[in-house]
Amino acid sequence: MRRLTLAPVLVAVAALALTGCAQDFGHGPEGRVTEKTKDGKKFYLVVDPTKQGKEKKFRVSKYDYHDCNRGSKYPKCIDD
């Protein structure tokens with residue numbers, strides 16, 4: 001009987017752990033990726049939205065970091 005009451009608790013803990021792993025940093029401005037930087041396990045893209053040198057640096061997931069190369073259009077590079 002003890003196993004039956006423990007099972008739902010373990011399922012709930014596993015679901016919460018998986019939910020906590022998801023990274024959602026939001027989207028940065030549309031534009032060309034001019035630079036990619038890493039700081040430890042933090043990944044950043046630098047985008048020039050107006051092509052006038054007013055660059056914006058923002059944090060992204062490691063998957064978005066690897067999907068977007070310098071010169072690619074953001075956010076199209078993460079959608080492909």
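Keep in mind that what you see is a predicted model, and the values were worked out from it rather than measured.

Conventions we followed
Residues numbered from 1 in each chain as written. Predicted model: local features only at pLDDT ≥ 70, side-chain atom pairs only at ≥ 80, totals over all residues. Heavy atoms only, no water. Helix = DSSP H or I, 4+ residues; strand = E, 2+ residues; numbered from the N terminus. Buried < 20%, exposed > 50% of the residue type's maximum accessible area, 1.4 Å probe, protein only. Contact = heavy atoms within 4.5 Å. Pairing = 2+ DSSP bridges. Disulfide = S-S within 2.5 Å.

## Observations regarding unusual backbone geometry
In this structure, the amide linkage connecting Tyr74 to the following residue, Pro75, adopts the cis form with an omega of 10 degrees. Inspection of the secondary structure puts Pro75 in the loop between strand S4 (73-74) and helix H3 (76-79).

## Some points on the environment of Glu30
Among the secondary structure elements, Glu30 is positioned in the loop between helix H1 (2-21) and strand S1 (31-39). A residue is classified by how much of its surface remains accessible, and Glu30, at 60% relative accessible area, is exposed. Once residues lying within four places of it in the same chain are set aside, the contact partners of Glu30 are Val47, Pro49, Tyr74 and Pro75.

## Overview of the side chain of Ser72
In this fold, Ser72 is placed in the loop between helix H2 (62-67) and S4. Taking the relative accessible area as the measure of exposure, Ser72 reaches 19% and is therefore buried. Beyond its immediate chain neighbours, meaning those up to four positions away, Ser72 contacts Gly31, Arg32, Val33 and Cys77.

## Concerning the pairing of strand S2 (residues 42-48)
Where a strand is regular, its side chains alternate between the two sheet faces. With six of its seven residues buried, S2 lies for the most part within the structure. Where S1 lies against S2, seven bridges are found, and the strand directions are antiparallel. Each bridged residue has a counterpart across the sheet, and for Glu35 the counterpart in S2 is Val46.

## Considerations on the state of the cysteines
Summed over all chains, the structure comprises one disulfide. In this model Cys68 forms its disulfide with Cys77; the gap between the sulfur atoms is 1.9 Å. With the S-S bond torsion at 80 degrees, the cross-link from Cys68 to Cys77 turns out right-handed. Grouping residues by exposure puts Cys68 and Cys77 together as buried.

## Observations regarding the sheet that holds S1
Taken together, four strands build an open sheet; the order of strands is S3-S2-S1-S4 and the sheet is antiparallel. With partners counted over all chains shown, the strands left at the sheet margins are strand S3 (56-60) and S4, one partner each. Two strands pair when backbone bridges link them, and S1 and S4 are joined in this way by two bridges, in the antiparallel orientation. Among the inter-strand pairings, Arg32 is bridged to a residue of S4, identified as Lys73.

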